[in-house]
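# Chain and residue survey
So the chains spell out like this:
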Amino acid sequence: MNRYKYGQLKSYNQVLLISAVLLVACNLRAAITSVGPIIGLLRESLSLSNGSIGILTSLPLIAFAVMSPIVPKISTKFTNETTLIAGMCILSFGIIVRSIPFIPLLFIGTILIGVGIAISNVLLPGIIKERFPNQVPLMTSVYTTTMSLFAALASGVSIPLAVGAGLGWEFALGIWIVPALVGIGIWVYFVKQRKSADEVNMYYVKADDSKMWRSPLAWQVAIFLGLQAFSYNALMTWLPEILIDYGVTSESAGWMLSFNQLIGLPASLLVPIIAGKFTSQRGIILILCTLAFGGYIGLLSGESYDVMIWSVGLIGVAYGGLFPLSLAFLAMRTTTAMQAAKLSGMAQAIGYSLAAIGPVLLGSLVDTTGTWTFSLSILLFVTVLTLIVGFGAGRNRVITDDFT
């Protein structure tokens, strides 16, 4: 069985591989971030409580946590490309099912979307480590920036499509099957360009390696990923509702969520590259967590429109950098593609288990208290924890140092 190295691929295959990776990245957030701005429509149409909405938006994260340790095993058996295509097919089917206005199908479709995205979430860091061993920070920044760009687009167009164009929330959620189908098409074409799918097998090893689970650094990377994802996903779910309670229109709230993600694009692009130039990333983590903390203070301090804009912007820059940095750690804290795959499976299982708590907790708190004060205070606390754990994950170490 041959093992292709990225440098051995012909130039047309190099371009094709980069395009395939970016098309997958287009689908990693859009189907999720498109929900936040239309929560009010879902709640009214299907009579859902904030707690139920919180559960709905946490289901993809639960799917991430459950699937993450399993995906490397599946890809070992069926090849990386075949597994990716299967994941994109599951995502597409989930988008269709979720767009049917029936509560059980809404939840089932959301779970399927989570499963489909989880497969790509786990595979892409290993692909980058294997195919672009000398450009890990650059490729991480490119694919996370693409992911964030489509996430912002999804947030911004949900209300205009559902309300402005009169197409309803079903269409606003269902439209994201288009990039998913395009992604399937290019990966099928990519596989057909090979003599055999085995030629590009990623050779993932089992994700349940006990040594990985005994590494303090691996746990710090996993918890760092989880804490930033806790805050990010809670915010993607509830930021429009917070702003609407402050008097912003639903359409403006959707575009402010889009602005939150767009303003973070430079950070998504630059932070992994800058991080790769330093042996320690603690200073970067300090700056980003300080920005997030300042943004939450701004949201807590008043309802001034200017303050809201600044706060949303600061938070956007912070998580625009924290998310790709947490993904870059999966490669930067390992020495081989196999080790990166194992850390990816472990970190995303732990991390997204933490992240799934965020939307439910914040939604339940506002149902109980009638105010967003307690929810925003929790996000402040989690930001401090992110900084503390990040100082451990950002050290100049790799996993194998824990056992030497």
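Cut-offs applied
- Residues numbered from 1 in each chain as written.
- Predicted model: local features only at pLDDT ≥ 70, side-chain atom pairs only at ≥ 80, totals over all residues.
- Heavy atoms only, no water.
- Helix = DSSP H or I, 4+ residues; strand = E, 2+ residues; numbered from the N terminus.
- Rg over C-alpha atoms; globule rule 2.2 N^0.38 Å.
- Buried < 20%, exposed > 50% of the residue type's maximum accessible area, 1.4 Å probe, protein only.
- Contact = heavy atoms within 4.5 Å.
- Areas by Shrake-Rupley, 256 points an atom, 1.4 Å probe, with all protein chains shown as cover.
- Core = buried A, V, L, I, M, F, W, Y, C linked by side-chain atoms within 4.5 Å.
- Phe/Tyr/Trp six-rings, centres within 6.5 Å; stacked < 30°, edge-to-face > 60°.
- pLDDT = per-residue confidence, 0-100.
- Patch = residues over 30% accessible without salt bridge, like charges linked within 9 Å, V, L, I, M, F, W, Y side chains within 5 Å.
- Salt bridge = Lys/Arg side-chain N within 4 Å of Asp/Glu carboxyl O.
- 1 Å grid on protein atoms, 1.4 Å probe; cavity = no way out; pocket = protein on both sides within 12 Å on 5 of 7 lines; lining within 4 Å.
- Points joined across faces, edges and corners; volume = space filled by probe spheres on them.
- Nonpolar A, V, L, I, M, F, W, Y, C, P; charged D, E, K, R; others polar.

### So, the overall build of the protein chain
- Tallying secondary structure elements over the protein chain gives 19 helices and zero strands in all.
- Relative to a compact globule of 404 residues, whose C-alpha radius of gyration would be 22 Å, the protein chain shows 20 Å and is just as compact.
- The principal-axis extent of the C-alpha atoms belonging to the protein chain is close to 60 × 45 × 35 Å.
- With 404 residues in all, the protein chain has 58% of them scored as buried.
- When contacts within the protein chain are restricted to residue pairs at least 6 apart in sequence, long-range pairs at least 24 apart make up 84% of them.
- Surface summary for the protein chain: the accessible area is close to 14800 Å², and the carbon and sulfur share equals 68%.

### Quick word on the nonpolar core
- If you look at the biggest cluster of nonpolar residues, it comprises 124 residues, and the most contacted ones within it are Y143, W187, Y296 and Y352.
- Counting residues per element, this core draws most heavily on helix α12 (residues 216–245), which supplies 17 residues.
- Apart from the residues lying within four places of it in its own chain, the contact partners of W187 are L17, A20, V21, V24, E81, L84, I85 and I127.

### Section: the packing of aromatic side chains
- One pass over the full model with this rule turns up four aromatic pairs.
- Arranged with centres 5.7 Å apart and planes meeting at 50°, the rings of F224 and F329 form a pair that is tilted. One end of the pair, F224, is in helix α12; the other, F329, is in helix α16 (residues 305–332), with 105 residues separating them in the sequence.
- Owing to a relative accessible area of 0%, F224 belongs among the buried residues under this scheme.
- For F329, a relative accessible area of 0% puts it in the buried group.

### With respect to the confidence of the model for the protein chain
- The share of residues in the protein chain with pLDDT of 70 or more is 91%, and the mean pLDDT across the chain is 83.
- Taken together, the stretch residues 1–9 has pLDDT below 50 and engages in 26 contacts with residues farther than four places along the chain or on a different chain.
- In the model, residues 195–208 has pLDDT below 50 throughout and makes 50 contacts with residues more than four positions away in sequence or in other chains.

### Here's the deal with a nonpolar patch on the surface
- A contiguous nonpolar surface patch, about 520 Å² in accessible area, is contributed by F293, I297, F381, V384, L385 and I388.
- Breaking the nonpolar patch down by element, the ones donating at least two residues are α15 (282–301) and α19 (373–393).
- Of the residues forming the nonpolar patch, the biggest block, four residues, is contributed by α19.
- On the secondary structure map, I297 appears in helix α15.

### Examining unusual backbone geometry
- Backbone geometry at S47 places phi at a positive 55°, although glycine is not the residue there.
- Within the secondary structure layout, S47 lies in the loop between α3 (39–46) and α4 (50–67).
- What makes S47 exposed here is its relative accessible area of 65%.

### Some remarks on empty space enclosed by the protein
- The final tally for this structure, using the stated rule, is seven cavities of 30 Å³ or more.
- Lining the largest cavity are 14 residues; nearest its centre among them are L28, R29, F64, N233 and Y352.
- Per-element accounting of the lining of the largest cavity gives the leading share, three residues, to α12.
- Among the residues making up the lining of the largest cavity, the classes are represented as ten nonpolar, three polar and one charged.
- Along its surface, the second largest cavity is lined by A31, I32, V35, L42, L56, T57, P60, R98, L106, T110 and L173.
- Looking at the lining of the second largest cavity, the elements that each hand over two or more residues are α2 (30–33), α4 and α7 (103–131).
- It is α4 that provides the largest number of residues to the lining of the second largest cavity, a total of three residues.
- Residue composition of the lining of the second largest cavity, grouped by class: eight nonpolar, two polar and one charged.

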